[in-house]
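Remarks on the overall topology
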Amino acid sequence: MFRLSVLYFLIGVLMGQYMSQAQDYVLTGVHVHINLIGWVSFALAGVIYKLYPDAANNWMAKGHFWLHTIGLPLFMYALAQYIQGADFAGFVAFGMMMSYAIILGVVLFVINVFVNVKD
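A brief look at the structure comes next. (Residues numbered from 1 in each chain as written. Predicted model: local features only at pLDDT ≥ 70, side-chain atom pairs only at ≥ 80, totals over all residues. Heavy atoms only, no water.)

A word on helix α2 (residues 28–51)
The terminal C-alpha atoms of α2, which comprises 24 residues, lie 33 Å apart, in line with the 34 Å expected from a rise of 1.5 Å per residue. Residues of α2 that are buried make contact with α1 (2–22), α3 (53–56), α4 (59–83) and α5 (89–116). (Helix = DSSP H or I, 4+ residues; strand = E, 2+ residues; numbered from the N terminus. Expected span 1.5 Å × (residues − 1). Contact = heavy atoms within 4.5 Å.)

Brief notes about the packing of α2 against α5
Relative orientation of the contacting elements α2 and α5 amounts to 25 degrees, with a least axis distance of 12 Å. Judged by the inter-axis angle, α2 sits roughly parallel to α5. With respect to the hand of their crossing, α2 and α5 are arranged in left-handed fashion. For the pair α2 and α5, the contacting residues are I37, A45, I48 and Y49 in the first and I102, F109, N112 and V113 in the second. (Axes fitted to C-alpha atoms, helices over the stretch in contact; angles between N-to-C directions. Parallel < 35°, antiparallel > 145°, perpendicular 65-115°, else oblique. Left-handed = near helix turned anticlockwise from the far one by under 90°.)

Description of the environment of A86
Mapped onto the elements, A86 comes out in the loop between α4 and α5. Contacts of A86, omitting those with residues within four sequence positions, involve Q81 and V92.

Observations concerning the packing of aromatic side chains
For the structure shown, the criterion picks out 4 aromatic pairs. Centroid distance F9 to W39: 4.3 Å. Interplanar angle 20 degrees. Geometry classified as stacked. You can see F9 sitting in helix α1 and its partner W39 sitting in helix α2, a full 30 residues away along the chain. Taking relative accessible area as the criterion, F9 reaches 38% and is therefore assigned partly exposed. Seen from their ring centres, F42 and F65 are 6.1 Å apart, and the 15 degrees between their planes marks the pair as stacked. (Phe/Tyr/Trp six-rings, centres within 6.5 Å; stacked < 30°, edge-to-face > 60°. Buried < 20%, exposed > 50% of the residue type's maximum accessible area, 1.4 Å probe, protein only.)

What to know about unusual backbone geometry
In this model, Q23 sits at a positive phi of 55 degrees, which is unusual for a non-glycine residue. Secondary-structure assignment places Q23 in the loop between α1 and α2.

Side note on the side chain of N58
Considering the arrangement of structural elements, one finds N58 in the loop between α3 and α4. Among the polar contacts made by the side chain of N58, one reaches the main-chain amide nitrogen of A61 at a distance of 2.9 Å. Ignoring anything within four residues of it in the chain, the contact list for N58 reads N112 and N116. (Polar contact = N/O pair within 3.5 Å; in protein donor to acceptor, adjacent residues only side chain to side chain.)

Topic: a nonpolar patch on the surface
Taken together, the side chains of M97, Y100, I103, L104, V106, V107, V110, I111, F114 and V115 define a hydrophobic patch exposed on the protein surface, amounting to about 970 Å² of accessible area. Mapped onto the fold, V107 is located in helix α5. (Patch = residues over 30% accessible without salt bridge, like charges linked within 9 Å, V, L, I, M, F, W, Y side chains within 5 Å. Areas by Shrake-Rupley, 256 points an atom, 1.4 Å probe, with all protein chains shown as cover. Salt bridge = Lys/Arg side-chain N within 4 Å of Asp/Glu carboxyl O.)

Following this line, the structure appears as structure tokens:
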């Protein structure tokens with residue numbers, strides 16, 4: 001998880017640099033989501049899973065990981081296409097539905113923390 005988060009960090013920084021140099025901020029929403037959901041949220045979850053092995057070694061952690069890992073890139077691609085006025089509405093709609101996969105992953109993470117993270 002932590003390794004993926006630093007890749008999202010790199011992608012977010014490169015996107016920000018490109019947008020700044022090109023003075024093109026159309027994809028600001030994608031940039032923000034990649035930084036917050038990809039970099040920050042994934043990194044913090046990775047740290048929590050490292051500190052609390054009981055939380056890391058169960059089906060909720062695996063579900064969180066896979067829903068987040070599959071959902072985020074598909075959602076970001078669809079969001080970018082939507083922002084730019086894509087014609088192929090079917091894939092965009094599917095990709096936008098991936099936001100629900102991310103939400104479900106976050107719900108699993110929250111339940112997992114409440115059940116398995118103990119002082």
